[in-house]
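An overview of the molecular structure
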Amino acid sequence: QVQLVESGGGLVQAGGSLTLSCTVSGGVRFNVMGWYRQAPGKQREEVAHIIGGDSTVYADSVVGRFTISMDNAKNTVYLQMNNLKPEDTAVYYCQAGVRYWGQGTQVTVSS
């Protein structure tokens, strides 16, 4: 059974950094993985995705601040978040393919 387990969320002040991790278990590898987030009162939005472990795409709101990467040996995708802003506050979800999701991890950025 495919399972995505996320970690790394927390509370940070504006300008700080956090790194989210998402490890895929179940013996399955995915060519495309991504990170989504859902802020209070807002719809879920894509933050970034990575294709083939090296080609990356970012939402305009996070370009230059967030970095998505993949450790193929660990089957783990990361989201390095720098210069965090209060508007980054959301539950962040890891996605693999079109049907597999992590449990979500809360990121809260205080002003």
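See above for the structure.
Residues numbered from 1 in each chain as written. Predicted model: local features only at pLDDT ≥ 70, side-chain atom pairs only at ≥ 80, totals over all residues. Heavy atoms only, no water.

**Overview of the state of the cysteines**
- Evaluated as defined, the whole model comprises one disulfide.
- The residue that forms a disulfide with C22 is C94, at a sulfur-sulfur distance of 2.2 Å. Classification of the bridge connecting C22 and C94 rests on its S-S torsion, roughly -85 degrees, and on that basis the disulfide is left-handed. Of this pair, C22 sits in strand β3 (residues 18–25) while C94 sits in strand β9 (residues 90–96), placing them 72 residues apart in sequence.
- Note on C22: relative accessible area 0%, which makes it buried.
- Take C94: its relative accessible area is 0%, and that puts it in the buried class. (Disulfide = S-S within 2.5 Å. Helix = DSSP H or I, 4+ residues; strand = E, 2+ residues; numbered from the N terminus. Buried < 20%, exposed > 50% of the residue type's maximum accessible area, 1.4 Å probe, protein only.)

**Focus: the nonpolar core**
- Counting residues in each nonpolar core, the largest one holds 29 residues, and the members touching the most others are M33, W35, V77, L79, M81 and Y92.
- Those elements that provide at least two residues to this core are β3, β4 (32–38), β5 (45–51), β7 (66–71), β8 (76–81), β9 and β11 (105–110). (Core = buried A, V, L, I, M, F, W, Y, C linked by side-chain atoms within 4.5 Å.)

**Concerning the side chain of T105**
- Along the chain, the position of T105 falls in strand β11.
- Apart from the residues within four sequence positions on either side, T105 is in contact with E6, S7, G8, G9, L20, A90, V91 and Y92. (Contact = heavy atoms within 4.5 Å.)

**Let's talk about the pattern of salt bridges**
- In the structure shown here, the tally under the stated rule is three salt bridges.
- Across the pair R37 and E45 runs a salt bridge whose closest N-O atoms are separated by 2.8 Å.
- Residue R37 is classed as buried on the basis of its relative accessible area of 6%.
- Classification of E45 as partly exposed rests on a relative accessible area of 35%.
- The partner of R65 in a salt bridge is D88, with the nearest N and O atoms 2.7 Å apart. (Salt bridge = Lys/Arg side-chain N within 4 Å of Asp/Glu carboxyl O.)

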